[in-house]
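# Summary of the model geometry
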Amino acid sequence: YKRDVETLSREVSSISEVKKADNSFGTGRVYIWKEVLKKAKNHLIFGVGVDNLYNSFEPRLVDPVSGYSVDKAHNDYLQKLVCEGIFSFICYIVLLLIIVLDNFRSKDKIRMVLFLGFFAYITQLFFSISVIRVSPIYWIILGLLMSNEVVIKKRKRKKKRSIG
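No experiment lies behind these values; they were computed from the predicted model shown.

Moving on: unusual backbone geometry. With an omega dihedral of 0°, the bond running from glutamate 58 to proline 59 counts as a cis peptide bond. Tracing the backbone through its elements, the reader meets proline 59 in the loop between helix 3 (53-56) and helix 4 (76-84). Here aspartate 51, not a glycine, exhibits a phi torsion of approximately 55°, which is positive.

Another aspect to go through is a nonpolar patch on the surface. On the surface, a nonpolar cluster with roughly 450 Å² of combined accessible area is contributed by Leu44, Ile45, Phe46 and Phe87. Along the chain, phenylalanine 46 turns up in the loop between helix 2 (29-42) and helix 3. The exposure class assigned to phenylalanine 46 is exposed, which follows from its relative accessible area of 70%.

For the rest of this paragraph, the subject is the layout of surface pockets. Taken as a whole, the largest pocket spans an internal volume of roughly 280 Å³. Around the largest pocket sit 15 residues that line it, and Asp76, Gln79, Lys80, Glu84 and Ser130 are the ones nearest its centre. Elements with a minimum of two residues in the lining of the largest pocket: helix 4 and helix 7 (135-163). It is helix 4 that contributes the most residues to the lining of the largest pocket, 5 residues altogether.

What follows concerns the pattern of salt bridges. As enumerated under the stated definition, the model contains 4 salt bridges in all. Note that glutamate 35 and lysine 38 form a salt bridge whose closest N and O atoms lie 3.2 Å from each other. Of the two residues, glutamate 35 and lysine 38 are both situated in helix 2; the distance of 3 residues between them amounts to about one turn of the helix. In this structure glutamate 35 comes out as buried when scored by relative accessible area, which is 18%. Overall, the relative accessible area of 48% leaves lysine 38 in the partly exposed class.

As a further point, take the packing of aromatic side chains. Within the structure shown, the criterion is met by 11 aromatic pairs. Judged by centre distance (5.9 Å) and plane angle (35°), the ring pair of phenylalanine 115 and phenylalanine 119 falls under tilted. Of the two residues, phenylalanine 115 and phenylalanine 119 both sit in helix 6 (residues 109-124), 4 residues apart, roughly one turn of that helix. Note on phenylalanine 119: relative accessible area 41%, which makes it partly exposed. Through a chain of ring-to-ring contacts, the aromatic side chains of Trp33, Tyr77, Tyr92, Phe104, Phe115, Phe118, Phe119, Tyr121, Phe126, Phe127, Tyr138 and Trp139 assemble into a single cluster. Above the ring of tyrosine 92, the side-chain terminus of lysine 80 is found at 5.0 Å from the ring centroid.

A few words on the environment of asparagine 55. As for its placement among the helices and strands, asparagine 55 is situated in helix 3. Side-chain polar atoms of asparagine 55 contact the side chain of asparagine 52, separated by 2.9 Å.

Before going further, it helps to examine a positive patch on the surface. Taken together, the side chains of Lys153, Lys154, Arg155, Lys156, Arg157, Lys158, Lys159, Lys160 and Arg161 present a region of like positive charge at the surface. Tracing the sequence through the fold places lysine 160 in helix 7.

This part takes up the packing of helix 5 (residues 86-103) against helix 6. Helices that pack against each other are described as a pair by the angle of their axes relative to one another and the distance between those axes. Relative to each other, helix 5 and helix 6 sit at 145°, their axes nearing to 11 Å. Viewed along their axes, helix 5 and helix 6 form a crossing whose handedness is left-handed. Judged by residue contacts, Leu96, Ile99, Val100, Asp102 and Asn103 of helix 5 engage Arg111, Phe115, Phe118 and Ile122 from helix 6. Looking at the contact of helix 5 with helix 6, its residues break down into 6 nonpolar, 1 polar and 2 charged.

Criteria and cut-off values
- Residues numbered from 1 in each chain as written.
- Predicted model: local features only at pLDDT ≥ 70, side-chain atom pairs only at ≥ 80, totals over all residues.
- Heavy atoms only, no water.
- Helix = DSSP H or I, 4+ residues; strand = E, 2+ residues; numbered from the N terminus.
- Patch = residues over 30% accessible without salt bridge, like charges linked within 9 Å, V, L, I, M, F, W, Y side chains within 5 Å.
- Areas by Shrake-Rupley, 256 points an atom, 1.4 Å probe, with all protein chains shown as cover.
- Salt bridge = Lys/Arg side-chain N within 4 Å of Asp/Glu carboxyl O.
- Buried < 20%, exposed > 50% of the residue type's maximum accessible area, 1.4 Å probe, protein only.
- 1 Å grid on protein atoms, 1.4 Å probe; cavity = no way out; pocket = protein on both sides within 12 Å on 5 of 7 lines; lining within 4 Å.
- Points joined across faces, edges and corners; volume = space filled by probe spheres on them.
- Phe/Tyr/Trp six-rings, centres within 6.5 Å; stacked < 30°, edge-to-face > 60°.
- Lys NZ or Arg CZ within 6 Å of the ring centre and 35° of its normal.
- Polar contact = N/O pair within 3.5 Å; in protein donor to acceptor, adjacent residues only side chain to side chain.
- Lys, Arg positive; Asp, Glu negative; His and termini not counted.
- Charge placed at Lys NZ, Arg CZ, Asp CG, Glu CD.
- Axes fitted to C-alpha atoms, helices over the stretch in contact; angles between N-to-C directions.
- Left-handed = near helix turned anticlockwise from the far one by under 90°.
- Contact = heavy atoms within 4.5 Å.
- Nonpolar A, V, L, I, M, F, W, Y, C, P; charged D, E, K, R; others polar.

Keep in mind these numbers describe shape, not what the thing actually does.
This is the structure:
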């Protein structure tokens, strides 16, 4: 881990000084992100199809570090943008913003714990991909955070009706 942190530190310093990232930076992710963004520009409205990143590149997109063909963007937000298009991407970002804004200053300990798990997951999605073992838990937490908000709003409406 120490070596990885030192390498990342050098790469970030180099990017900020030179203003240009080498294709091997971020274990090849910077190169992948640049290529995926280029592809997203060409398919902005509808995307290339759900989980179809691999097939959208001809010739295949190859990770410069590992030499393997790339089938995921290694950034879930870019993956959503390129595969599903701008409308799906915007709706997803709005959903995340609603959850963040509704739960950021929560005093309820259970909601706070759920929100911390949610926030950790959406943060790591910048550098990783959605994994089948973990993503169902994320969607359950997301649903719990949203349902809690719905219950609170219903209670407020009932109080207003009973008072008024």
